[in-house]
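# Residue-level structural notes
For reference, the chains in residue letters:
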Number of protein chains: 2
Amino acid sequence: MNFLEQRILKDGVVKPGNVLKVDSFLNHQMDIALLDEIGEEFHRRFADKHVTKVLTIEASGIAIAYPVARCFGVPLLFAKKSKSVNIDGDMYVAEVESFTHKNKNQVIVSKRFLTKEDHVLIIDDFLANGCALKGLISIVESAGATVEGLGIAIEKGFQCGGKQIRELGYQLESLAIVDSMDAQNGGLVFREQK
Amino acid sequence: MNFLEQRILKDGVVKPGNVLKVDSFLNHQMDIALLDEIGEEFHRRFADKHVTKVLTIEASGIAIAYPVARCFGVPLLFAKKSKSVNIDGDMYVAEVESFTHKNKNQVIVSKRFLTKEDHVLIIDDFLANGCALKGLISIVESAGATVEGLGIAIEKGFQCGGKQIRELGYQLESLAIVDSMDAQNGGLVFREQK
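In short, a report on the structure. (Residues numbered from 1 in each chain as written. Chains lettered and ligands numbered in written order. Predicted model: local features only at pLDDT ≥ 70, side-chain atom pairs only at ≥ 80, totals over all residues. Heavy atoms only, no water.)

### Some remarks on the packing of helix H1 (residues 3-11) of chain B against helix H2 (residues 32-45) of chain B
All names here are of chain B. Two elements in contact, H1 and H2, have axes whose closest approach is 10 Å; the angle formed by their N-to-C orientations is 150 degrees. Note on element contacts: H2 touches H1 through Leu-34, Glu-37, Ile-38 and Glu-41, opposite Phe-3, Leu-4 and Arg-7. Of the residues in the contact of H1 with H2, the class split is four nonpolar, no polar and three charged. (Axes fitted to C-alpha atoms, helices over the stretch in contact; angles between N-to-C directions. Helix = DSSP H or I, 4+ residues; strand = E, 2+ residues; numbered from the N terminus. Contact = heavy atoms within 4.5 Å. Nonpolar A, V, L, I, M, F, W, Y, C, P; charged D, E, K, R; others polar.)

### A look at the interface of chain A and chain B
Quite often, the size of an interface is put as the accessible area lost when its parts meet. With 42 residues of chain A at the interface, the matching set in chain B holds 42 residues. Interface of chain A and chain B: buried area, both sides summed, is about 3500 Å²; carbon and sulfur atoms make up 56% of it. For the pair chain A and chain B, the interface holds four salt bridges. Of the charged contacts in the structure, one is a salt bridge between B:Asp23 and A:Arg112, with a shortest N-O distance of 2.6 Å. Counting across the interface, chain A meets chain B through 16 residue pairs in polar contact (both at pLDDT 80 or more). For the side of chain A that touches chain B, the elements supplying multiple residues, two or more each, are strand E2 (19-21), strand E3 (29-30), helix H2 (32-45), helix H3 (61-72), strand E5 (76-79) and strand E7 (103-110) of chain A. A per-element tally of the side of chain A that touches chain B places H3(A) first, with six residues. Classifying every residue of the side of chain A that touches chain B gives 20 nonpolar, eleven polar and eleven charged. With two bridges joining them, E5(A) and strand E3 (residues 29-30) of chain B adopt antiparallel strand pairing. Note on E3(B): the bridge partner recorded for A:Leu76 is B:Met30. (Buried area = accessible area lost by both parts, 1.4 Å probe. Salt bridge = Lys/Arg side-chain N within 4 Å of Asp/Glu carboxyl O. Polar contact = N/O pair within 3.5 Å; in protein donor to acceptor, adjacent residues only side chain to side chain. Pairing = 2+ DSSP bridges.)

### Section: the pattern of salt bridges
All names here are of chain A. Going through the model one piece at a time under the given rule, you end up with 30 salt bridges over all chains. The partner of Arg-191 in a salt bridge is Asp-179, and the shortest N-O contact between them spans 2.8 Å. Of this pair, Arg-191 sits in the segment after strand E11 (187-190) while Asp-179 sits in strand E10 (residues 172-182), and the two are twelve residues apart along the sequence. For Arg-191, a relative accessible area of 30% puts it in the partly exposed group. A residue is classified by how much of its surface remains accessible, and Asp-179, at 28% relative accessible area, is partly exposed. Each member of the salt-bridge network shares a partner with another, and the members are Arg-7, Lys-10, Asp-11 and Asp-31. (Buried < 20%, exposed > 50% of the residue type's maximum accessible area, 1.4 Å probe, protein only.)

Structure (structure tokens):
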């Protein structure tokens, strides 16, 4: 079991509706030492890639992507979930459905910050149905940039997102893949990964 | 002129309506080396404070607060702008008006992560009318915790927020205070700070 799986077993809470609460250390209150370790692990897993930019999506993705961008020594770019008056009209847009919030967002990135010369590592905290990741992939490809890989902290392996994205041929690395959760007894089964 | 003021002059863009765009390095695409330097500077300015937690507000505040929390070796807690099914009912809530988005949000923090034992350093990227900071202050005080200080990357000195918060007696440190902006010629005047 790796350091993140151990932490999930220690501090994660399984709730009805396949909700895994990790808000004590990952996506509300954040353990910076753990996030730094996550950044180093993604840097190790994508060490052979030519990465010019790390792309994530607000909000909690930013804290996962920050140490990754530092390890690669590249800028961190985050997609915004709603049009802001501080963003120019010239943007890449993708429609994303949120598993957590049960709503649809337009996800936007300014065209000034993604070009066809960019090699992008996409990072997020959770992967469930994959809508957010697919939106980020479509934004990178709209820019003519290259998706070098995708790094996820926690994948819900019993939902379709991870399988679909791997079948598209992308290198998707999830530090913890949860294959089943039991809200009755708080049980949690991780997928074996080498 | 400090490192952030220099960067704002180099890469910031003044837009009509007193909008200062810093989205190429601070709040959309982020320069991690600059953010790390901001973290070290706040650590220096609040070195005499007993800080147990860094509190910010999503989304771009997270990237400013991350290096600060690392420097202090404490958890990073970010207030969320909308109720998420992943947050328990037991939360501190404040109403915050967004200068940028021209709307009102409920800003929430889970009660599990702020207690009266906490000494909180509040960090955000921008300070204009101060609504966001006042909301975060009210959340910290609802918890019976102590506000040790507030650190802001860019303060709009021609708006009332900074003056009001300093008059309340808090130590508010803004790395760059913009006293005037001119969208016609892109001019920008910083307040002298020792």
